[in-house]
Amino acid sequence: MDGALPSSCAGPLPCLAAVHGGEGVGTEWTGILESQVGMAAEMALSHRGPHKVLNEAELEEVAHRKPPPRPSLRGYLRKTRCSGSAAKSLLFRFLPFLRWLPRYPIKDWLLGDIVSGFSVGIMHLPQGLAYALLAGLPPVTGLYSSFYPVFLYFFFGTSRHNSVGPFAVISVMIGSLTESLMPSEDFMISINGSNTTIDEERRDAARVELVATITVLTGIFQVALGLLQFGFVVTYLSDPLVRGYTTAASVHVLVSQLKNVFGISQGEASGPLSLFVTIIDLCKKLPGTNVGTLVTAIIAIVAILIVKELNHKFAAKLPMPIPIELITIIVSTGISYGVNLKEKFGISVVGNIPSGLKPPVVPNMSYFGQVAGNAFAIAVVGYAICISLGKIFALKHGYKVDSNQELIALGLCNFLGGFFQCFAISCSMSRSLVQESTGGNSQVAGVIASLVILVTILKIGELFRDLPKAILAAIIIANLKGMFKQFKDLCTLWKSNKVDLLVWVVTFIATLLLNLDIGLAASVAFGLLTVIFRTQLPHYSILGRISDTDVYRDVVEYEMAQEVPGVKIFRSSSTIYFANVELYAEALKKKSGIDVDRLIEKKKKALKKLKKQQKKLEKEKAKRKKHAEDGPGVSVIELSSEESGAPSEPTLQSLGLPKPNFHAVILDFSPINFVDTVAIKILKNIFRDFHEIEVDVFVASCSGEGDLQSHEPWLGMATPLAHS
């Protein structure tokens, strides 16, 4: 019902009219143009003229619905038949690099990809070490996670600018799982019979085995969802939900790193309210702060934040961002080695980083049952972040990202990486922005970045054994700045959409209170509930025609919208189904301006009274007839109801009841995409009730998918269904 007719001729007529006005146009062109103009005028007049209201049966006769295509075994076999073109298409789909690499413009793109890859590789090094610490794993696993998945993404990924690898939110989700299933308390050993310490080597080996299993299972979930074309599953994670969740995860990240900033030893809490347990325990142990560690962390955080701000401010003038994180770890490692910070000031350092690559190891499948739920949550969150970033860059640079292939690519990176002691990865916004801003044009930049990490793993990694953990904590905290800026969403959502604001706040609070895994499930459930609540509380309106147009709008909101005399056009902003159809019926009766139920009740009472009167009259007639038969020859002539002028069926007017000031109700079904059996029953009641008060009900803009039409015989009403 919300629409407008074109005010002038449509299609190519203006262009043809311009040709007609030029010189040298032959009579043949003139005749064609005149016939087209005449046809357009005739169509316009016929469109604006009165139309017959058709019910569905009449519409089927006029429109001639095409029979639905019947699937056949031969057609199915033809589609699934193996051919050269089908195999080539399938190969290009699962290995996208085969499509774009042969057409790679070396002169235009190679230099930018090299510079970009080197810049991102420099960022991967400190972030890989730091996010491994965040996941509760040895630092070298962060380097592995910055090499294998990044290299594999070159073959399977479709985004040119996404920088895959370790990501803070995914790392803290893994960290919470390692701390709950493999707490340090389970690896205590005694020294000299009295003192106890943690067997870090055995603990790290057990955690690496657990995380490798989680990573493989995460990859399996992602590949399976991608092959089943379930890339749309991320649509259930709305943007406010993802931003609220990542903001709350950033708080978890911050709290988890405070022990490394203050240089204190702290127990590992997990489960609901673990965040607050950790904060309380931290406050109790603050008197034991290591001043050297605290000073080191503060200096590093301040330096990183200042240089990052300068990078942002002078981005146009700098050929590449200043690699402050790499500079920080190099300088701090040198100072730590030269001054011997561990021995003199008790500052905790990274320790041994083995050089070289390790052979693949089969994951321990006995953990699958324990970590399946967490792996699925990691799979969904990692993909949601990756595809959202990929679509932003694709829209900006004019190319397409295949959402299902991205899911498969991310899954293969995780699945294969899990065999090489990697932890689950996603995309980093900071690295992706650097990759784009430094001239990255394709996935070749990722290959260059992975080669930088490979050199580090083979030759340079072992040099960072004296790197203070406080520096890695400082790098993590400094990189949270962008996520904490998401608190600005509260002001934006307050002005634009209160429901989205509620989703953001509930997600944030639930994730803080219930931890990352349960918090995500609760947030998704709440987000879906808001959709249900919105369908239960839609906007109901009576539509009126805006003068001199064919546009219909809410008469309450628009002054120039006038109701069609004798007609009520009712519209709901939501579809109708079992949860809201009764509210729909109540709103319709309320918006009609009359108390339908009360009027029906009065009519029933009047009919009951009329029946009593008729029975009384019949008795009197019977008595008179009897007296006439017993008395002298007096003939009694009885008139039929038609001859006496009595109505065949009593009307509201004949019963002395007020008649509605409208004779028809049109239900605008344009927003409605499905109805269920409960809705059909209530619609039947609506038809019956308005029929009782002598008002016809029509349905307009009914979907042509056969949903409501298939129930039309069940409605059983004489009132036609109008289909626009």
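These numbers come from a predicted model, not from an experiment. (Residues numbered from 1 in each chain as written. Predicted model: local features only at pLDDT ≥ 70, side-chain atom pairs only at ≥ 80, totals over all residues. Heavy atoms only, no water.)

**Student:** How should the overall build of the chain be read in this particular structure?
**Tutor:** Each helix and strand counted, the chain has 27 helices and 10 strands in total. Looking at the chain as a whole, 43% of its 724 residues qualify as buried. The long-range fraction of contacts in the chain, counting pairs at least 24 apart against all pairs at least 6 apart in sequence, stands at 80%. A total of about 38900 Å² of accessible surface is found on the chain, and carbon and sulfur atoms cover 62% of it. (Helix = DSSP H or I, 4+ residues; strand = E, 2+ residues; numbered from the N terminus. Buried < 20%, exposed > 50% of the residue type's maximum accessible area, 1.4 Å probe, protein only. Contact = heavy atoms within 4.5 Å. Areas by Shrake-Rupley, 256 points an atom, 1.4 Å probe, with all protein chains shown as cover.)

**Student:** Looking at this model, I keep getting lost on a positive patch on the surface. Mind explaining?
**Tutor:** Together, K611, K615, K619 and K623 give the surface a local cluster of positive charge. As for its position among the elements, K611 is in helix α25 (residues 596–630). On the accessibility criterion, K611 (54% relative accessible area) is exposed. (Patch = residues over 30% accessible without salt bridge, like charges linked within 9 Å, V, L, I, M, F, W, Y side chains within 5 Å. Salt bridge = Lys/Arg side-chain N within 4 Å of Asp/Glu carboxyl O. Lys, Arg positive; Asp, Glu negative; His and termini not counted. Charge placed at Lys NZ, Arg CZ, Asp CG, Glu CD.)

**Student:** Before we go on, may I ask you to explain the packing of helix α10 (residues 200–227) against helix α16 (residues 368–397) in this structure?
**Tutor:** When two helices pack together, their arrangement is given by the angle between the helix axes and by the axis-to-axis distance. Axis separation between α10 and α16 bottoms out at 8 Å; the angle between their running directions is 55 degrees. Looking at the two axes, α10 sits oblique to α16. Note on packing geometry: the crossing formed by α10 with α16 is right-handed. Here α10 contributes L210, T213, I214, L217, T218, F221, Q222 and L225 to the contact with α16, which in turn contributes F368, V371, A372, A375, F376, I378, A379 and Y383. Residue composition of the contact of α10 with α16, grouped by class: 13 nonpolar, 3 polar and no charged. (Axes fitted to C-alpha atoms, helices over the stretch in contact; angles between N-to-C directions. Parallel < 35°, antiparallel > 145°, perpendicular 65-115°, else oblique. Left-handed = near helix turned anticlockwise from the far one by under 90°. Nonpolar A, V, L, I, M, F, W, Y, C, P; charged D, E, K, R; others polar.)

**Student:** Quick question: what am I supposed to make of helix α20 (residues 469–478) here?
**Tutor:** Of all 10 residues in α20, 9 are buried, a share of seventy percent or more. Those residues of α20 that sit buried are A470, I471, L472, A473, A474, I475, I476, I477 and A478. The elements touched by buried residues of α20 are α7 (106–134), α11 (239–262), α13 (291–313), α14 (324–339) and α21 (481–484).

**Student:** Sorry, what's going on with the pattern of salt bridges here?
**Tutor:** A complete count under the given rule lists 17 salt bridges for this structure. Note that R688 and D689 form a salt bridge whose closest N and O atoms lie 3.5 Å from each other. Taking relative accessible area as the criterion, R688 reaches 41% and is therefore assigned partly exposed. Judged by its relative accessible area of 11%, D689 is buried.

**Student:** Could you clarify how one ought to interpret unusual backbone geometry in this entry?
**Tutor:** With the exception of glycine, the majority of residues adopt a negative phi angle, and the majority of peptide bonds are in the trans configuration. For N340, which is not a glycine, the phi torsion comes out positive at approximately 60 degrees. With respect to the element layout, N340 can be found in the loop between α14 and α15 (341–345). Exposure remark for N340: the relative accessible area of 36% places this residue in the partly exposed category. Even without being a glycine, D548 presents a positive backbone phi close to 65 degrees. Within the element layout of this structure, D548 appears in the loop between β5 (540–546) and β6 (552–554).

**Student:** I keep staring at α10 and nothing clicks. Help me out?
**Tutor:** In an α-helix, one full turn covers 3.6 residues, which means residues spaced three or four apart are oriented alike. The terminal C-alpha atoms of α10, which comprises 28 residues, lie 40 Å apart, in line with the 40 Å expected from a rise of 1.5 Å per residue. Looking one or two residues past α10, Q229 carries a phi angle of roughly 60 degrees, positive in sign. (Expected span 1.5 Å × (residues − 1).)

**Student:** So what exactly am I meant to see when it comes to the packing of aromatic side chains here?
**Tutor:** Ring pairs (aromatic) are described by centroid distance and by the angle formed between their planes. The final tally for this structure, using the stated rule, is 21 aromatic pairs. Geometrically, the ring pair formed by Y104 and W109 is edge-to-face, given 5.8 Å between the ring centres and 80 degrees between the ring planes. On the accessibility criterion, Y104 (11% relative accessible area) is buried. According to the relative accessible area criterion, W109 is partly exposed, its value standing at 23%. Here R160 stacks its cationic end above the ring of Y399, 4.4 Å away from the centre of that ring. (Phe/Tyr/Trp six-rings, centres within 6.5 Å; stacked < 30°, edge-to-face > 60°. Lys NZ or Arg CZ within 6 Å of the ring centre and 35° of its normal.)

**Student:** What am I meant to see in the side chain of S146 here?
**Tutor:** By the secondary structure assignment, S146 is in helix α8 (residues 139–156). Here G142 takes part through its backbone oxygen, which lies 2.9 Å from a polar atom of the side chain of S146. Contacts of S146, omitting those with residues within four sequence positions, involve H124, G128, P166, S450 and I453. (Polar contact = N/O pair within 3.5 Å; in protein donor to acceptor, adjacent residues only side chain to side chain.)

**Student:** Sorry if this is basic, but what is going on with the confidence of the model for the chain here?
**Tutor:** Any residue range with low pLDDT should be treated as having predicted coordinates unsuitable for detailed reading. Model confidence for the chain is summarised by a mean pLDDT of 83, while 84% of its residues fall at 70 or above. For residues 1–37, every residue scores under 50 in pLDDT, and the model assigns this stretch 32 contacts once sequence neighbours within four places are set aside. Confidence drops under a pLDDT of 50 for residues 39–48, and excluding neighbours within four residues, the segment shows 6 contacts in the predicted structure. (pLDDT = per-residue confidence, 0-100.)

**Student:** Could you clarify how one ought to interpret the pairing of strand β10 (residues 696–700) in this entry?
**Tutor:** Regular strands have side chains that alternate between both faces of the sheet. Burial of β10 is extensive: 4 of the 5 residues sit out of reach of the surface. The sheet contact formed by strand β9 (residues 664–668) and β10 spans 5 bridges and is parallel. Each bridged residue has a counterpart across the sheet, and for V665 the counterpart in β10 is V697. In this fold, β9 hands off to helix α26 (residues 677–692), which returns the chain to β10; that crossover is right-handed. (Pairing = 2+ DSSP bridges. Right-handed = clockwise from strand over helix to strand, strands pointing away.)

**Student:** Before we go on, may I ask you to explain the packing of helix α9 (residues 168–181) against α10 in this structure?
**Tutor:** Two elements in contact, α9 and α10, have axes separated by 10 Å at closest approach and are oriented at 130 degrees. With respect to α10, the axis of α9 lies oblique. Seen from above, α9 lies across α10 with right-handed handedness. Contacts from I174, L177, T178, E179 and L181 in α9 reach R207, L210, V211 and I214 in α10. Residue classes in the contact of α9 with α10 are distributed as 6 nonpolar, 1 polar and 2 charged.

**Student:** What am I meant to see in a nonpolar patch on the surface here?
**Tutor:** Judged by side-chain polarity, L273, F276, V277, I279, I509 and L513 come together as a nonpolar surface patch covering roughly 470 Å² of accessible area. If you list the elements that add at least two residues to the nonpolar patch, you get α12 (274–285) and α23 (498–536). It is α12 that provides the largest number of residues to the nonpolar patch, a total of 3 residues. With respect to the helices, strands and loops of the structure, I509 is situated in helix α23.

**Student:** Please explain the side chain of Q222 as it appears in this structure.
**Tutor:** Mapped onto the secondary structure, Q222 falls in helix α10. A relative accessible area of 1% places Q222 in the buried class. Only 2.9 Å separates the side chain of Q222 from the side chain of N414, close enough to count as a polar contact. Apart from residues no more than four positions distant in its own chain, Q222 is found in contact with A379, Y383, L407, I408, L410, G411 and N414.

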